[in-house]
Amino acid sequence: MIEKNYQPADIEGRMSLVWEDARAFRAGRPDRRDAKPFTIVIPPPNVTGSLHMGHALNNTLQDILCRFERMRGRDVLWQPGTDHAGIATQMVVERQLMERQQPGRRAMGREKFLERVWQWKDESGGVIINQLKRLGASCDWSRERFTMDEGLSRAVVKVFVELYRDGLIYKDKRLVNWDPKLLTAISDLEVQQVEIKGSLWYLRYPIEGKTFSPDDPKSFIVVATTRPETMLGDTAVAVHPDDERYRPLVGKRVVLPLVGREIPIVADAYSDPEKGTGAVKITPAHDFNDFEVGRRHDLPQINVLDKEGHLALVDNEDYLRGLPEGSAEFAREFHGVERFAARKRIVERLQDFGFLERIEPNTHMVPHGDRSGVVIEPFLTDQWYVDAKTLAQPAIAAVRSGRTRFVPQNWERTYFEWMENIQPWCISRQLWWGHQIPAWYGPDGRVFVAETEEEAISHALGYYVEQEVITSEQGREMALDRNKREGFITRDEDVLDTWFSSALWPFSTLGWPADTPEVKRYYPTDVLVTGFDIIFFWVARMMMMGLHFMKEAPFSTVYIHRLVRDEKGAKMSKSKGNVIDPLGVIDEYGADALRFALARGAAQGHDIKLSPQLVETNRNFATKLWNACRFAEMNDCAVAEDFEPANAKETLNRWIAHETARAMREVNEALEAYRFNDAANAMYRFVWNVYCDWYVELAKPALTGADGPAKAETRAMVAWARDEILKLLHPFMPFITEELWEVTGRRDTLLALSPWSVEPGALPLDVAAMSRDAQVPDVLLTYAANFADFSAEAEIGWVIDLITAVRSVRAEMNIPPATLTALVLAGASEETRERAPRWSEVIRRMARLSDISFADRAPEGAVQLLVRGEVAALPLKGVIDLAAERARLDKEIAKADADIKRVDAKLANEKFVANAPEDVVEEEKEKREVAVARKEKILEARERLKDAS
C-alpha cells in the first residue's frame, strides 16, 4: 500500500539496500552473459573530495545512460573509483599533522609519511563514494578502483617504462608552473588566474656604445614590464621586425641596468608595436613566451630565483657569466631576498640611477596556485616530459575519421586546436604522495628506467662493468649482496602527475596489463561523460594512451556538459556565497528531485541555472506522480494478466495508449541523441499534463461509475500507463519509481532490471527493419506501432484543446470561477456534432460552462476561439464590462511596453554591457523576454475583445 505522503528520505536509503542486496548493478550478471556490453568509466573524483554540484550533474547524466541501457538489456559496466589526488591529499595530511602538533612530513621521512597518508585514506578517504550512492549512482561498486591500487600502479609503471624505451618519455630543462609554497611543478588546471591591480614599470636600457643620459632618448631604449625583479635574468630586448622605430637598432646591444650584462636587440613577431613601447625585455627562464623567443634566437636561459621564490645570485654561474667587475657585490646584496621585496628594492635602485622612466597603474591577470594561493612562478627546472606531439597524431586522426565523436560537435574544434598545438607534457611532481617515477641514477648521474629496482640494478651493473667503472667481480658481488650495492643507485624522488595515471583509467581499471576477460569484453568503452574544462587534461590524454597501448580509442562518444550556475547565471563560488550544496538539497527535497532538475536543464552546449526553488518544483512533480499512483491504487487499478492495451475499446483509453507511445518515442530518441533535457521534459509534460491533469481527470467518471467492461478496462489502462511511466522515468528518478514499482504490484523483477518500454524509433518507423538490431525482447517492438491511434487522439485532443481555450479566455478576461458562461459551437463539422454530446458533461464541468449549443455562426458580442480549425464562441455581453476590460488590458500593454523600453535602454548602453557582470546582463535579457511574452498574450486577449464588441 502506498503511504499517504511522499517522503524521499524514507525511500532512498531503503531502495539503495534493495539494489545492493540484489546486486542489481553488477556487470557480467548471468542473465546478461550473451548481452551486448555497455561501458562507462566514471571520471574519478579526488579521494579528498566531497560531492559538489558539478559531480551531481556529471554522475546524474552517466546514471541516466547506464539505467537506460541496463533496462534495454545491455550488460552494463559503470566503472567507479577515485583518484589519489597527489597535491590535494598530501596537503590534507600535512595540515592534519600541523593541527595535531605532530612532526611534519620531512621530519617523519618519506616512508613514515606515506604510511600516514595510506592510514588517512583508509579512515577518511572515499567519503565521496557514499555521497555518490546517495545520489543514486548505479555503478558496479564491487569493482571500485583507486589510482594507486596495486594493479593500477603496475599499469602506470609499465606505461612509463615502455614510453621511455620508445623515446616518448625523456628528461628536459624547460619552464614549468612552479609553486614556491608547495615546492612543486603544477599543471595548468591547478593554476588560477587572479585579476590584480598592479603597475607597469617603464625602464630605460642604455644602448651599448652611447653615453647614457635620462635626458637623451637616443642613448637608451624603453621597455615596459610588470615584473622588474626578473630583469636580472634578461638576455635580450625584442622589437617587432616591421616596427620602423626600432629597425636601425636590431642587431645592436644594450647594457642591462644595475647588472651590466650586454644583451642583443632582436627582431621577433612576439613584440606588439601597439603595446607598451613596442620593445619588450626577454627573460627566457622566467616567462613562457620569452622562453619560446629565447629558443628561436638561441638566447641564454638565466634563472635568478630559487625554488622558494628568493633571488639566487651568489654561486649562480649563469647569472655571473660575462658580468663586469664589481657585479659580485650587487649579487651578494640582493642574494636571498624574497621576490616581491626584491621588486621594491630593484625599482628603488633603478630610480636612483635614472633607469626608471615612469610607472603606470596596470590591472592584469596573475597566475596563482589554486591550493597554495601564492603567485605561481614560471621556473626553469629539470623535469620528466612526454612527447605529446607524437602521441597526439593518432588521437587527432581518430576524431577526424569519426571513430570518436564529440557531442556537441563544436567541442571537436577545441580538441583539435589544443592537440595540433600541443606542447611537451610535464609529468613529474616534487611530491611524495603518488606514483614514484621508476627511474634510478647511477653514481655519475646516468639514468636507468625499469619496472623494478632489481631490474634497474641489473642494467646499472651491466653498464658500469662494461664501462670499466667497476670490475666484473664487483658487479657479481653487488648483484648477490644487497648491502654491498646499498646507495650505488638512487631512485628519482619525484612522483608522476596525477593525470598520468588517470590517462590509463579506461583500461587499467579492467586489469591491464594482464590479459583479463574484462579487458576483452568492456574495452573500448561506449561513452565518456565529462566537463569541458578537462578535455585537454584528461580526455585527450586518455585518447593518446588508449590508442598507443590498446590500439583502439577508449570511447566512441565523448559527451561534454557545461557548468551548473546559480539561478542568475553566475558561477558558483564560496566567495560569492552562492554555492548550492547538493547534499543539502538532497536532504531537503530528495535525490530524485535534484536529478530531475539537473536533467531537465542539461541542454547541449548550455550552462544550467539552478536554484533550490527549481529543485522544489521537481519535488512537487514527484509528489504529483506519487498522488496519481495513490489515486490509482485507491480505485483498484491493476493490470489484469490477460489485458492487452492495444485492444482497448474506450476512446479515452486508446488515446492514453497513443500518448504513452508518443512519450516512449520522444524519450528514446532524445536519450539516443544525448538530449537529456528533451527526454526529461518530455516525461515532465507527459506525466503532469497528459496523464495526471487530463487522463486521470477524464477517467474519473468511468472509475467512479457502475461496474462493467468500460470500468474494468479503464482500471487496467490507468495501471498500465502508470507502469510505463515508472519505466520511462526510472533513469531520471530511480528511487521513487523503484518504490512505486514495488508497492503497486507483485513483481518478479526490480524495476532497475525490468525491460525497457520500447525500442527507439518504433513509432512510426518500420518495426521489421528495427528488429534486426533489437536489444530488447521482440514483443516490445510492436508497442508504439500498435498504440498509434489518430482517431482517438483527434477526439480527446479536441476535448482538451476546447477546455484549455475556454479556460484561457476566462483567465484573461478575469471571469470569476463561480460565473458560468455559455459556449456556442459555430458551423460545427459532423465529427464535432457527434463528439460534443459524448463529452458535454465533462466539458461543462471542467470549463465552467452553463450550456453548450450549436449555431451556424458565432453570435454577436461573443469572443471567438479557433479550436482545431473550428470556431467556438463565448458570448460575454452582460457577463463582463467589455469597456472596462479593454481599458485594463490597455494599461497592461502600456506597462509591458515600459518594462521593455527600460531594459532596451540598459542593453543599448555599451558601458553597462561591457562592465556589468555576465549574469546581470543575462538577467536583463530574460526580463525583456518575459515582458515581450506578457505583451503578446495581452494583445491576443485585446484582439479577442474586438470580436466581442
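The preceding data block contains the structure.
Residues numbered from 1 in each chain as written. Predicted model: local features only at pLDDT ≥ 70, side-chain atom pairs only at ≥ 80, totals over all residues. Heavy atoms only, no water.

**Notes on the overall build of the chain**
What the chain contains, in helices and strands, is 34 helices and 29 strands. Along the first, second and third principal axes, the C-alpha set of the chain runs to 110 × 75 × 55 Å. Counting only contacts in the chain whose residues sit at least 6 apart along the sequence, the fraction spanning at least 24 positions is 77%. Charge centroids of the chain, computed over 125 positive and 149 negative side chains, lie 3 Å from each other. (Helix = DSSP H or I, 4+ residues; strand = E, 2+ residues; numbered from the N terminus. Contact = heavy atoms within 4.5 Å. Lys, Arg positive; Asp, Glu negative; His and termini not counted. Charge placed at Lys NZ, Arg CZ, Asp CG, Glu CD.)

**What about the pattern of salt bridges?**
Following the criterion strictly, the structure yields 69 salt bridges and no others. Close ionic contact of Asp 31 with Arg 32 constitutes a salt bridge, the shortest N to O distance being 3.4 Å. Residue Glu 924 is joined to Lys 927 by a salt bridge in which the shortest nitrogen-to-oxygen separation is 3.3 Å. Of this pair, Glu 924 and Lys 927 both sit in helix H34 (residues 918-948), three residues apart, which is roughly one turn of that helix. Residue classification places Lys 927 among the partly exposed positions, given a relative accessible area of 43%. What you see here is one network of salt bridges that share partners, running through Glu 69, Arg 72, Arg 74, Asp 526 and Glu 672. (Salt bridge = Lys/Arg side-chain N within 4 Å of Asp/Glu carboxyl O. Buried < 20%, exposed > 50% of the residue type's maximum accessible area, 1.4 Å probe, protein only.)

**Here's the deal with the packing of helix H25 (residues 676-704) against helix H31 (residues 830-847)**
At a minimum axis distance of 11 Å, the contact between H25 and H31 shows a crossing angle of 125 degrees. As judged from the angle between their axes, H25 and H31 are oblique. For the crossing formed where H25 meets H31, the hand is right-handed. Facing Trp 694, Glu 697, Leu 698 and Pro 701 of H25, the residues of H31 in contact are Trp 839, Val 842, Arg 845 and Met 846. A breakdown of the residues in the contact of H25 with H31 according to their chemical character gives six nonpolar, no polar and two charged. (Axes fitted to C-alpha atoms, helices over the stretch in contact; angles between N-to-C directions. Parallel < 35°, antiparallel > 145°, perpendicular 65-115°, else oblique. Left-handed = near helix turned anticlockwise from the far one by under 90°. Nonpolar A, V, L, I, M, F, W, Y, C, P; charged D, E, K, R; others polar.)

**A short note on the packing of aromatic side chains**
Any pair of aromatic rings gets described here by the distance separating the centres and the angle formed by the planes. Scanning the entire structure with this criterion turns up 39 aromatic pairs. On the basis of an interplanar angle of 75 degrees and a centroid distance of 5.7 Å, the ring pair of Phe 536 and Phe 537 is categorised as edge-to-face. Phe 537 carries the same exposure label as Phe 536, and that label is buried. Here the aromatic rings of Phe 596 and Phe 621 are separated by 4.9 Å at their centres, their planes lie at 25 degrees, and the arrangement is stacked. With Phe 596 in helix H22 (residues 591-601) and Phe 621 in helix H23 (residues 612-634), the pair connects residues that are 25 residues apart, well separated along the chain. Accessibility classification places Phe 596 together with Phe 621 in one group, the buried group. Ring pairs connect the aromatic residues Phe 160, Tyr 164, Trp 384, Trp 425 and Phe 500, which therefore count as one cluster. (Phe/Tyr/Trp six-rings, centres within 6.5 Å; stacked < 30°, edge-to-face > 60°.)

**Details of the side chain of Glu 870**
Mapped onto the fold, Glu 870 is located in strand S29 (residues 870-875). Notably, Glu 870 is buried but unbridged: the nearest opposite-charge side chain belongs to Arg 835, and the N-O separation is 6.1 Å. Within the local environment of Glu 870, its side chain forms a polar contact with the side chain of Ser 829, the two groups lying 2.6 Å apart. Excluding its chain neighbours within four sequence positions, the residues that come into contact with Glu 870 are Ala 828, Ser 829, Thr 832 and Leu 865. (Polar contact = N/O pair within 3.5 Å; in protein donor to acceptor, adjacent residues only side chain to side chain.)

**So, unusual backbone geometry**
The amide bond that connects Trp 512 to the next residue, Pro 513, takes the cis arrangement and shows omega of 20 degrees. In this structure, Pro 524 follows Tyr 523 across a cis peptide bond, with omega equal to 0 degrees. Counting through the fold element by element, Pro 524 comes out in the loop between helix H19 (517-522) and strand S22 (525-531). Phi angles above zero are rare outside glycine, and Arg 23 is one such case at about 50 degrees. Mapped onto the secondary structure, Arg 23 falls in the loop between helix H1 (8-21) and strand S1 (37-41). The backbone of Asp 315 shows a phi angle near 65 degrees, a positive value even though the residue is not glycine. Position of Asp 315 among the secondary structure elements: in the loop between helix H8 (288-297) and helix H9 (317-320).

**Concerning the environment of Glu 308**
Mapped onto the elements of the fold, Glu 308 is located in the loop between H8 and H9. Note: C-alpha distance between Glu 308 and Thr 184 (124 residues apart in sequence) is 10.0 Å. Residue contacts for Glu 308: discarding those within four places in its chain leaves Pro 180 and Leu 183.

**Topic: the sheet that holds strand S9 (residues 236-239)**
Within the open sheet, the four strands sit side by side as S10-S11-S9-S12. Their pairing is mixed. Looking at which strands have only one partner, the edges of the open sheet turn out to be strand S10 (253-255) and strand S12 (279-282). Here the average twist between neighbouring strands, direction ignored, is 30 degrees. Pairing between S9 and strand S11 (residues 262-267): three bridges, direction parallel. Considered in S11, the bridge of Ala 238 is made with Val 266. (Pairing = 2+ DSSP bridges.)

**Looking at the sheet that holds strand S5 (residues 169-179)**
Pairing is antiparallel in the open sheet, where four strands are placed in the order S6-S5-S14-S16. Both edges of this open sheet fall to strand S6 (184-186) and strand S16 (425-426), since each of them pairs with a single strand only. Relative to S6, S5 runs antiparallel, the two sharing three bridges. Bridging across to S6, Trp 178 finds its partner in Ala 185.

**Considerations on the layout of surface pockets**
Approximately 2300 Å³ is the volume attributed to the largest pocket. Around the largest pocket sit 48 residues that line it, and His 52, His 55, Leu 189, Asp 370 and Asp 533 are the ones nearest its centre. Elements with a contribution of two residues or more to the lining of the largest pocket: helix H2 (53-71), helix H3 (86-99), strand S7 (191-206), helix H17 (498-502) and S22. Take the lining of the largest pocket: its biggest share by element is six residues, from H2. For the second largest pocket, the calculated volume is near 1200 Å³. Together, 44 residues line the second largest pocket, and Thr 226, Arg 227, Tyr 270, Asp 287 and His 364 are the ones closest to its centre. Counting residues per element, the ones that place at least two in the lining of the second largest pocket are S7, strand S8 (220-225), S12, H8, helix H11 (339-352), strand S13 (356-369) and strand S14 (377-386). Looking at the lining of the second largest pocket element by element, the count peaks at seven residues for S7. Here the residues of the lining of the second largest pocket are counted per class, giving 16 nonpolar, 17 polar and eleven charged. (1 Å grid on protein atoms, 1.4 Å probe; cavity = no way out; pocket = protein on both sides within 12 Å on 5 of 7 lines; lining within 4 Å. Points joined across faces, edges and corners; volume = space filled by probe spheres on them.)

**Digging into the nonpolar core**
With 204 residues, the main nonpolar core has Tyr 415, Phe 500, Met 545, Leu 594, Trp 655, Tyr 691 and Phe 732 as its most contacted residues. Residue contributions to this core peak at 16 residues, all from H25. Once you skip the residues sitting within four places of it in the chain, Tyr 691 turns out to touch Ala 628, Ile 656, Phe 686, Val 696, Val 718, Ala 721, Arg 722 and Ile 725. Ile 207, Val 304, Ala 342 and Phe 355 belong to the second largest nonpolar core, which has 35 residues in total. (Core = buried A, V, L, I, M, F, W, Y, C linked by side-chain atoms within 4.5 Å.)

**Some words on the packing of helix H12 (residues 388-400) against helix H20 (residues 535-550)**
Relative orientation of the contacting elements H12 and H20 amounts to 90 degrees, with a least axis distance of 8 Å. Comparing their axes, H20 and H12 come out roughly perpendicular. Counted together, Ala 388, Leu 391, Ala 392, Pro 394, Ala 395, Ala 398 and Val 399 of H12 and Met 543, Met 544, Leu 547 and His 548 of H20 form the full contact between these two elements. For the contact of H12 with H20, a count of residues per class yields ten nonpolar, one polar and no charged.

**Remarks on helix H14 (residues 453-466)**
For H14, built from 14 residues, the straight-helix expectation of 20 Å at 1.5 Å per residue is met to within 8% by its first-to-last C-alpha distance of 20 Å. For H14, the complete set of buried residues consists of Ala 456, Ile 457, Ala 460, Leu 461 and Tyr 464. The buried residues of H14 all sit within an arc of 130 degrees when viewed along its axis, so they share a single face. Residues of H14 that are buried make contact with strand S18 (439-441), strand S19 (447-449), helix H15 (472-480) and helix H16 (482-485). Once H14 finishes, Glu 468 follows within two positions and takes phi at roughly 60 degrees, a positive value. (Expected span 1.5 Å × (residues − 1). Arc of directions from axis to C-beta.)

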